[in-house]
Amino acid sequence: GVPDQGFFDWVDLFIKNNPSYTELSDRKILEWAEKSGLWRSKSQGSTASSDKPDMRFGVAMLDDYSCRNLLSCIAPTIKRNYLIPELTSNLLAPERKQVLQKFPAADFKRTSYVVVGEPNEEYKTYIHGLMLEEKQQQAEHDKAMGYPAKKKIKKQEETKKAKEAEEKKAQEGEDAEAKETKEDEEMKEGEDKKDGEEQDEKKEEEEAEAEEEEEDEKVELTEEEKTTNYRKSYLPDVSDRVLAKHFANFSLPSKEDGFDSISYVWQSEESCAKHLKAWVLEKKLTQRAEDLQPGDWFKDEWSKWQKLYQDWRRIQSEWKDPVRRKAMQNKAKGDVKKEDAAQEDEEKPEEKGGDEDKEMEINADDIEVFEVKDVCDLGNGEPLFANFAYEDWALLGTRYEFHLLLHAFKKDLNDVDRPSFSEAHLSFYYNRYFRKVFNIKYYGVESFADFLDLIKDTVGLDEKTNFLKAALAEDIPQADFVKYTEDHRRERQQRMDAGDETAKLKFSRPAPPPPPRDAHAVGSQGGGHGGHGSRGGEPYNRGGHMGGGGGGGGRGNEVQLGSLALAS
């Protein structure tokens, strides 16, 4: 059955209608142990579910599921009718086949019930009865808890009134003799009034009790509850972790699995297949791929980027040094002369004369960013990223990281129905690939939309699915990300020059790592990772996310692998 779509209620109904069947499941083992007097903690862990409940009995063979394994080996040797409602296993073809292998076709008729989509009337009547029973029990509980509380409040009010009356009498300073007659009259009137109030209160209390009793008799399902097809449980049918790991491989049973017959209880086979596909697709839009790991393509591209990124940082550092800048300019002149010499057969001598010794004067701001051939040399030795500040380097790294992540995700998952992911899963996948934490607050913005605006030339959002999408082709040269970053820097600079202070970026810088305690610590860390620059993007911190009755023998015995109920 589909998780949280009435699977275990259907199982209970099946056992109720077919008492000769014995249920083989973890929940029945738990029920059997509790009825045997074993104590267990009522609290359930985060991975607990109706399919795989936490045992927590303090008994080794129960807590480590050894008892379940033993029963699964013994059951096929006993001639009985069995129902096996293993929810997750019954939705996975390899595990279905594995279970059927334990029950040979010579001894058992192996049938699968498929319970999908809109339930039949028998099931609806059954769960509505359960819901009404739960509602009545809750009403009785509320009544039992409510009456003592009301009595306690009433007693407190009476005590308070009596105390106030005594204090009032003590404060009276008038002549006792003159007031005696008056007080007697007032007391008499007060007693008469009090008697009348008590009678009124008693009458109101009786009326309230009568109304509550009448309400108890009228407990019934609301119109909305009557349209409910599946009853909610305090535990999920399958834990989120297990569901995220397996849901993409869920499938309906087939004769190839080894079943002798397949019964579609609620809807036709065609409707079930459509329902399954829609359900899985909906889950793909909301669940993350827990087992996804970076592939070889990602590792190769990431390694290339890290080396290139460090080379660019080194070149910028050398350009800022006046001595090294002169050497870079001289080298650029030499390269120009060699290029001119190679083309001298195509050039006229008079066109070359006197230009060789001219100082190369190039204004980087006059050069069109996307026409630059070499981002490390604009022609005079100056790199395109010469004016990059901390924020520019950070955005450069972020642009490429998002570009690489989105393309690598698509390659590694290889699922046409899930080409990308939403903002909700970004932190998970970012940490999985880059092993560090992503936080938009490092960028000085409050919303994810504001963050995307900083790198809108590289990443966007799909309007239909709300998935992140890469704006650039997979094979774009890595140097082009420098061009996009420089273009963005110039645009911001122009806005700041015009007086727009909002164009100025203010990123939070991560705190530097603490210094080693001694020389030995320095030596032991010599082979460790570099700082944030070595990761290709700076504004991030490192991460560290059996009941039943008997039956006949021979071919007449059956083993039912639950029902595969898949609902959207």
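Each remark here, short or long, concerns the structure printed above.
Worth saying up front: this structure is predicted, and the values here are computed from it rather than measured. (Residues numbered from 1 in each chain as written. Predicted model: local features only at pLDDT ≥ 70, side-chain atom pairs only at ≥ 80, totals over all residues. Heavy atoms only, no water.)

Side note on the packing of aromatic side chains
And then number 1: Under the criterion given, the structure shown has 39 aromatic pairs.
And then number 2: Relative to F388, the ring of F385 has its centre 6.3 Å away and its plane inclined at 55 degrees; by these criteria the two rings are tilted. For the pair formed by F385 and F388, the shared burial category is buried.
And then number 3: Ring geometry for F409 against F421: centres 5.0 Å apart, planes inclined by 70 degrees, an arrangement best described as edge-to-face. (Phe/Tyr/Trp six-rings, centres within 6.5 Å; stacked < 30°, edge-to-face > 60°. Buried < 20%, exposed > 50% of the residue type's maximum accessible area, 1.4 Å probe, protein only.)

Thoughts on unusual backbone geometry
And then number 1: At Y65, a position not held by glycine, the phi torsion is positive, near 65 degrees.
And then number 2: Counting through the fold element by element, Y65 comes out in the loop between α3 (60–63) and α4 (66–74).
And then number 3: The phi torsion at N466 lies on the positive side, around 65 degrees, for a residue other than glycine.
And then number 4: Along the chain, the position of N466 falls in the loop between β6 (459–461) and β7 (468–470).
And then number 5: N466 sits in the partly exposed class, given a relative accessible area of 45%. (Helix = DSSP H or I, 4+ residues; strand = E, 2+ residues; numbered from the N terminus.)

Re the pattern of salt bridges
And then number 1: Within this structure, the stated rule accounts for 33 salt bridges.
And then number 2: When the shortest N-O distance is used, the salt bridge between R231 and E134 registers 2.4 Å. Taken as a pair, R231 in the loop between α9 (223–226) and α10 (240–246) and E134 in helix α7 (residues 121–170) lie far apart in primary sequence, 97 residues in all.
And then number 3: With a relative accessible area of 25%, R231 lands in the partly exposed category. (Salt bridge = Lys/Arg side-chain N within 4 Å of Asp/Glu carboxyl O.)

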